[in-house]
Amino acid sequence: MATLLYRIGRAAFLRRKTFIAGWLLVLVVLGGLAGAFGKSANAPLTIPGVESVEAASLLQGRFPQSGAGGASTRIIYAASKGAKVTDAANKVAIEKSVKAAGQAGGVVGVADPFLTKSVSADGTIAYATVAYKGAVTEISDGDREELLASGKVAEAAGLQVEFGGDATVAASESSATEALGILIALIVLAITFGSLLAAGLPLLTALFSVGVGMAGVLTLSSVVELTSTAPILGLMLGLAVGIDYALFISVRHKENLATGLEPREAAARAVATAGSAVVFAGATVMIALAGLAVVGIPFLTTMGLVAAGMVAVAVLVSLTLVPAFLGLAGARFSRWPVPGLRKRQAELATKTPAGARWATRITKHPLPVLLIAIIGTGVLAVPVVDLELGLPSDETLSTETTQRRAYDLLAKGFGPGFNGPLTVIVDGANAKAGTNLQQTADAIGKKIAALPDVAAVTPAAVNEAGDTAIVSAIPKSGPATTETKELVSRIRDLRPATVAETGATILITGTTAIGVDLSEKLADALPIFLVVVIGLSLILLTIAFRSILVPLKATLGFLLSLGATFGALVAVFQWGWFASLIGLDQTGPIISFLPILLVGLLFGLAMDYEVFLVSRMREDFTHGAEPTEAVIGGFRHGARVVTAAALIMASVFAGFVLGNDPTIKSIGFALAFGVLIDAFVIRMTVVPAVMTLLGRRAWWMPRWLDRVLPKVDIEGENLKTAAATEPVREPVG
């Protein structure tokens, strides 16, 4: 592999203008396709094959007047202090608003709150339900704007008007706060290189790869439904790994220049050696992300494939565009030195690097260091025992959003459970002869009303065909509470007796029930995902390192950092520790798909630093260094760049924590925390301690396995041959 990458790096350096023009052409073409065919990424989070989702489909087919399948929203009207919505002037204003909402694009009907008696007991809050013909994905931004405009007439009368429900939710957008992560990345790069030109190169190529990747994602949205989280996740990950991969190659290029190599040879060798690590690291990340497909959850599969695609683009850009830009820089790679850093750079070149000093201390006391690291991460992982999962809802949104204010008003006027009603379907298609479905549904309604935590049960309604009935149960507790989840289970426990007595069966749907089912499905899929992804990655790392114990050590270290990350996630997003520091208004369950997503993301990213650090150790070991010397040598060359890479990646992820979307906020926090813990505690502390304890055994591999596995030359042993046989050509531009 090193030989092939050497030739690619050399060709890109020599034909730099051709490579740059080629990538620009790709960007323009994909950008044009994205502009012409791209759609909003707002697909719902659903999983085929679970009861609540299939129940919603059944209801849509048999009971279309129930509104199942179509999008809906609520307009909430709240009177000012001392007034009521039933006051004459307020009532007129609300009726005008309802009429205007009925004329908004895509709306098929609006329920007048005064006709449906949707007014709170104290008369201060009322709501109108708006039904759409199509699904959420069919609602345009213009339709939403027309709906929101319908509330102006009521606001003019002094009423507070808020909008809640899935129809009001547009695709998530990036915020300006994310630029803070990029700024921090630039500062870290400038300190690392001591040169503005060298610092700008990884950032420029990363932004380029993100542009190409995001254009491809938007083009893909024309044929594949994407959730609002998928593009932002791709942006987040693509930017982070794009900077890191370019950084690793650029730093190796700088080291090669310092040894006296001419720029062309320095760039080619940088791509051959550091590029090999980039390929393996990127492949590990892509395997982990693409592995999300094995759990059989469509929206998770698309998220994983989008993120994997962004990583693939970052790898290709790093291997081709980075050496092309290095060709443009030529001997001026360190041009534009950062003021105040020239003296420090000179000092660093003459003294033992901090990474080597750190590794030396650890190799002297490996066992105590290892125990302290394990105990520390174990303590951080303690909160994970309280982990609760759920779907994102209006309750978790910022109080600055109309959806959250609508949620709070409904909870105040009608009770917390009003925001998460359970739709109970009585399927009588296979009922016993003589069964009266209306009576059966009424009896079920009475049984549900007698259950704990039930605030109200609506009268049963039967469809025209007489084979389906629905009963709506409103819990006393909020949608994300444990009590409501237990209520779903209790209602389902009524099913066996109902089937035995009448032949009719009970199904539950609605947003709350779907959230419960999704969480269970994702929890069940996690072990399968772990086995597949970690298994494939272990094979890849075994090929790269020619070792059995090093990949096992890497994986066990990942489990430590994963536990600590989940613990921190629970402490902040469930318990509310330091929540105000990140602008978190409301604590609640962890997003149900986040654990399985984090396993894929963090495993891949953790292996990045494992590959970059241990590949240098392996390189020194194969060149004759003793095991302990190889550990110190690996840190001498790799610790500084891994430190910079971790700080950059964590900064990029942390930039997303400052946004408004709670889902993106939790993903950004978990990734930033996980990267820092894994890089500095596991890879920079546990790894040298374990490698020291293992000694030569770290590189042991059965001879038969060594013969079977392909040899990829990640250390660059064949570079001398490649350099000697490669014809020298003058730069082509």
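In the block above lies the structure referred to throughout.
Residues numbered from 1 in each chain as written. Predicted model: local features only at pLDDT ≥ 70, side-chain atom pairs only at ≥ 80, totals over all residues. Heavy atoms only, no water.

Trainee: Kindly report on the overall build of the protein, identifying the contributing residues and their values.
Mentor: A count of helices and strands for the protein gives 25 helices and 11 strands. Computed over C-alpha atoms, the radius of gyration of the protein comes to 30 Å, within 12% of the 27 Å expected from 2.2 N^0.38 for 733 residues, which places it in the range of a compact globule. In terms of overall dimensions, the protein has C-alpha extents of about 90 × 50 × 45 Å along its principal axes. The buried share of the protein, taken over its 733 residues, is 55%. A sequence separation of at least 24 residues applies to 81% of the contacts in the protein between residues at least 6 apart. Accessible surface computed for the protein: about 29,700 Å², of which carbon and sulfur atoms make up 62%. Averaging the coordinates of the 57 positive side-chain charges in the protein and doing the same for the 55 negative ones gives two points 10 Å apart. (Helix = DSSP H or I, 4+ residues; strand = E, 2+ residues; numbered from the N terminus. Rg over C-alpha atoms; globule rule 2.2 N^0.38 Å. Buried < 20%, exposed > 50% of the residue type's maximum accessible area, 1.4 Å probe, protein only. Contact = heavy atoms within 4.5 Å. Areas by Shrake-Rupley, 256 points an atom, 1.4 Å probe, with all protein chains shown as cover. Lys, Arg positive; Asp, Glu negative; His and termini not counted. Charge placed at Lys NZ, Arg CZ, Asp CG, Glu CD.)

Trainee: Before we move on, could you go through the packing of aromatic side chains and cite the residues and values that matter?
Mentor: The geometry of two aromatic rings is summed up by the distance between their centres and the angle between their planes. Under the counting rule described, the total for this entry stands at 10 aromatic pairs. An angle of 80 degrees between the planes, with centres 4.9 Å apart, marks the rings of phenylalanine 558 and phenylalanine 603 as edge-to-face. Of the two residues, phenylalanine 558 sits in helix 20 (residues 549-573) while phenylalanine 603 sits in helix 21 (residues 594-622), which places them 45 residues apart along the sequence. As far as burial versus exposure is concerned, phenylalanine 558 and phenylalanine 603 are alike and both buried. Here the aromatic rings of phenylalanine 669 and phenylalanine 673 are separated by 6.0 Å at their centres, their planes lie at 20 degrees, and the arrangement is stacked. One end of the pair is phenylalanine 669 and the other is phenylalanine 673, both in helix 23 (residues 662-694) and four residues apart, which spans about a single turn. Among the residues examined, phenylalanine 669 registers a relative accessible area of 15% and is labelled buried. Accessibility expressed as a relative area gives 22% for phenylalanine 673, which makes it partly exposed. One cation-aromatic arrangement involves arginine 74 over tyrosine 127; the distance from NZ or CZ to the ring centre is 5.2 Å. (Phe/Tyr/Trp six-rings, centres within 6.5 Å; stacked < 30°, edge-to-face > 60°. Lys NZ or Arg CZ within 6 Å of the ring centre and 35° of its normal.)

Trainee: Describe the sheet that holds strand 2 (residues 107-111), listing the residues and the values that go with them.
Mentor: Across the sheet, which stays open at both edges, the four strands sit in the order 2-3-1-4 with antiparallel pairing between neighbours. In this open sheet, the two strands that pair with only one neighbour each are strand 2 and strand 4 (160-164). Here the strands of the sheet are splayed against their neighbours by 20 degrees on average, with no regard to which way each runs. Two elements, strand 1 (residues 72-78) and strand 3 (residues 125-132), share seven bridges in a ladder whose sense is antiparallel. Within strand 3, the position partnered with threonine 73 by the bridge is valine 130. (Pairing = 2+ DSSP bridges. Axes fitted to C-alpha atoms, helices over the stretch in contact; angles between N-to-C directions.)

Trainee: So what about empty space enclosed by the protein? Which residues, and what values?
Mentor: All chains considered together, the criterion is met by six cavities of 30 Å³ or more. Of the voids in this model, the second largest cavity is the one considered here, and its volume is about 110 Å³. Looking at which element gives the most residues to the lining of the second largest cavity, the answer is helix 23, with three residues. Across the lining of the second largest cavity, the residue classes tally to six nonpolar, six polar and no charged. (1 Å grid on protein atoms, 1.4 Å probe; cavity = no way out; pocket = protein on both sides within 12 Å on 5 of 7 lines; lining within 4 Å. Points joined across faces, edges and corners; volume = space filled by probe spheres on them. Nonpolar A, V, L, I, M, F, W, Y, C, P; charged D, E, K, R; others polar.)

Trainee: Tell me about helix 14 (residues 366-381), and please be specific about residues and values.
Mentor: Here helix 14 is 16 residues long and its end C-alpha atoms lie 23 Å apart, about the 22 Å a rise of 1.5 Å per residue gives. Among all positions of helix 14, only Pro366, Leu370, Ala373, Thr377 and Ala381 are buried. Down the axis of helix 14, the smallest arc covering the buried residues is 70 degrees, so these residues share one side. In helix 14, those exposed residues whose orientation departs by more than 90 degrees from the buried face are Ile372, Ile375 and Val379. Buried residues along helix 14 sit against helix 13 (354-364), helix 20 and helix 23. (Expected span 1.5 Å × (residues − 1). Arc of directions from axis to C-beta.)

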